[in-house]
Every structure is written in C-alpha cells, then in structure tokens.
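Structural overview for review
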Amino acid sequence: MRYLYLPLIASVLVACGDSGGITTPPVPEPTPAPVTNAGYEVSVVNLTIGQPLSPVAVMLHEDSQCVFTIGQPASAGLELLAEGGDNGELLNEFSDAVTASGEAPVGPGASDMLSLEIEGDDTSGVRLSVATMLVNTNDAITGLNSIDISQMAVGDSLSFSAIAYDAGTEANSEAAGTIPGPADGGEGLNSARDDLADQVTMHAGVVTADDGLTGSVLNQNHRFDNPVARLRITRTQ
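Keep in mind that what you see is a predicted model, and the values were worked out from it rather than measured. (Residues numbered from 1 in each chain as written. Predicted model: local features only at pLDDT ≥ 70, side-chain atom pairs only at ≥ 80, totals over all residues. Heavy atoms only, no water.)

A look at the nonpolar core
Rules: Working definition of a nonpolar core: buried Ala, Val, Leu, Ile, Met, Phe, Trp, Tyr and Cys residues. They are joined through side-chain atoms within 4.5 Å. Summary of the burial criterion: residues with accessible area below 20% of their type's maximum are buried, those above 50% are exposed, and those between are partly exposed, where the area comes from a 1.4 Å probe applied to protein chains only. Helix and strand definitions here come from DSSP, where helices need a minimum of 4 consecutive H or I residues and strands a minimum of 2 consecutive E residues; each element is numbered from the N-terminal end.
Ranked by size, the top nonpolar core spans 32 residues in total, and within it Val58, Leu60, Leu128, Val130 and Ile149 carry the most contacts. Residue assignment for this core shows that the elements contributing at least two residues are strand 1 (38-46), strand 2 (57-61), strand 4 (111-118), strand 5 (127-134), strand 6 (140-148) and strand 10 (229-235). In terms of residue count, strand 1 provides more of this core than any other element does, four residues in total. Met59, Leu81, Phe94 and Ala167 belong to the second largest nonpolar core, which has 17 residues in total.

As structure tokens, this is what we get:
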C-alpha cells in the first residue's frame, strides 16, 4: 500500500512549486520633473521720422560676448549689418547663443516683437544684445549691447532708450549709390573701410542736402536725434 502514496506526494510537490502564472510587476520609473525654460520677449519701437530699421537681431548670450566695444573696430558681422542691414553673419558670430531675427524692416513709428527661450531655468551670466541698422545712412546702428538680464524674474520688464552708433566702417558721404535704404537704394556692404577712423563711436547724425551737403541723397526727413528706438525686455516664463 505504501507505493500508492508516491504519485500523490509527487503531484503535491509539483503543485507547490508552480506559481500559477503570477509575475511580480516591474517597479515603475519615477516621473521626471518638468523642465521650465526661461522665456523673454523683446519689443523694438522705431522713434525716427524717416529711418526704417533693418530686421532686428536679438541674441541671448554669455557675459563674455558683446556686439561691439566703443573705440574698437567693428566685427565683420557688424560691418555687414551696419552697411547693408543683413544680420546673418552677426548672428553667426554668436554661434553658442540663442538668437532671433525680425522678418522685415521696422518702419518709422512702427514696432516689432521677438521671443526667445533658454533651455532650462538657469539664467546665471545671461546677457541680451539687440542690433539693427538705420537703413537711410551709410553705417549707423542702434540696439542694446550685452545687457545683464540674469536677475530678472518672471513678469519683470526692463526699458531702454537706444541711441545711434557709427560702426566706423564706411564714410558718411550720403552719396548716391552708397545707402541701401529707400532714400537711395544703393549698395549694401562695401569691403573697403574708408571712414575717418575704423572704430565704433556715437553717431554724429546726418547732414543731408537740405543742410548744404552737396551730393547727399538725404533730406531733412532723414535726420534723427537720440534716442532713435525704444526697447523693452520682458521675462515671460
């Protein structure tokens, strides 16, 4: 009779070793915290009566960079912007920055708004620069040069009155064929740097034919006083 119990014992042992198809679910991965980017809006208002501004270039960059230094020669990118209104090479010079460009010129009395975002919310050392050309000139520019925005909180705004600078790359002859804006429709970049001094300075303003400058294609409507633009930076997120 003892042999009759062996199969039963074996079957009980097998049954006890079977998990019945039940598996332990994997531990879920923790949900990563959402990344909040730092966002900014830059508003540019043209205050002049007859000087359209070229498509605006905006750069969010490190504190070691700047668009220009007073008393020093303009970079190749700034020369191209100041003489022809083309901001492409200047934006390329800020290769590690977050950049944006306006889509069209900003006419007298008009405005433009550009938005930029930094990945993450670490804004330590962040600077903002803006550059645009007064296109009815030989090489006048305006904008902001390496403004510290690292301490701005969401909702904060900074306002600036921007003056005109002379890039120092082209003589202010105002002669026909030398100005790219609608007053002349002349050439943009001329690689020859023929200004009195190859350095960035404050702009002295235009003289114009109405002031007695023989050969000038400009008139009294193209004159400008400082400031030439109003800029406002707002942190949006």
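On we go.
Remarks on the sheet that holds strand 2
The strands that make up a sheet pair up through hydrogen bonds in the backbone, lying either parallel or antiparallel. Selection criterion: Here, any two strands with at least 2 DSSP bridges between them count as paired. By the convention used here, residues are in contact when the closest approach between their heavy atoms is within 4.5 Å. What counts as an axis is a line fitted to C-alpha atoms, over the stretch in contact for a helix, and the angles between N-to-C directions run from 0 to 180 degrees.
Spatial strand order, 3-2-5-6-8-9: six strands in an open sheet with antiparallel pairing. The open sheet has two free edges, formed respectively by strand 3 (98-101) and strand 9 (201-202), since each of these has just one partner strand. One ladder, built from four bridges, connects strand 2 with strand 3; its direction is antiparallel. Bridge pairing links Val58 to Ala100 in strand 3. This element, helix 2 (residues 76-84), spans strand 5 and strand 6 of the sheet and lies at about 40 degrees to strand 5.

Structural notes on the side chain of Thr178
The following threshold applies: Here a polar contact is recorded for every N or O atom pair within 3.5 Å, except that within protein the pair must consist of a potential hydrogen donor and a potential acceptor, and residues adjacent in sequence are included only if both atoms are side-chain atoms.
Summarising the element assignment, Thr178 is placed in the loop between strand 8 (164-166) and strand 9. Polar side-chain contacts of Thr178 include one of 3.0 Å to the side chain of Asn138. Those residues in contact with Thr178 that lie beyond four places of it in its chain are Asn138, Glu170, Ser173, Asp184, Gly186 and Glu187.

Concerning unusual backbone geometry
Excluding glycine, most residues fall at negative phi; most peptide bonds, likewise, are trans. The peptide bond linking Asn226 to Pro227 adopts the cis configuration, its omega dihedral lying at 0 degrees. Along the chain, Pro227 falls in the loop between strand 9 and strand 10. Although it is not a glycine, Ser146 sits at a positive phi angle of roughly 60 degrees. Despite not being glycine, Thr208 has its phi angle at roughly 75 degrees, a positive value. If you trace the backbone, Thr208 turns up in the loop between strand 9 and strand 10.

Things to note about the packing of aromatic side chains
Stated precisely, the cut-off is as follows: The aromatic pairing rule takes the rings of Phe, Tyr and Trp, using the six-membered ring of Trp, and pairs them if the centres are within 6.5 Å, calling planes under 30 degrees apart stacked, those over 60 edge-to-face and the rest tilted.
The final tally for this structure, using the stated rule, is one aromatic pair. Measuring from centroid to centroid gives 4.8 Å for Phe68 and Tyr165, while their planes differ by 55 degrees, and the two rings are tilted. Within this pair, whereas Phe68 is found in the loop between strand 2 and helix 2, its partner Tyr165 is found in strand 8, the two being separated by 97 residues in sequence. This pair shows no difference in class: Phe68 is buried, exactly as Tyr165 is.

Don't take any of this as a statement about function, it's just geometry.
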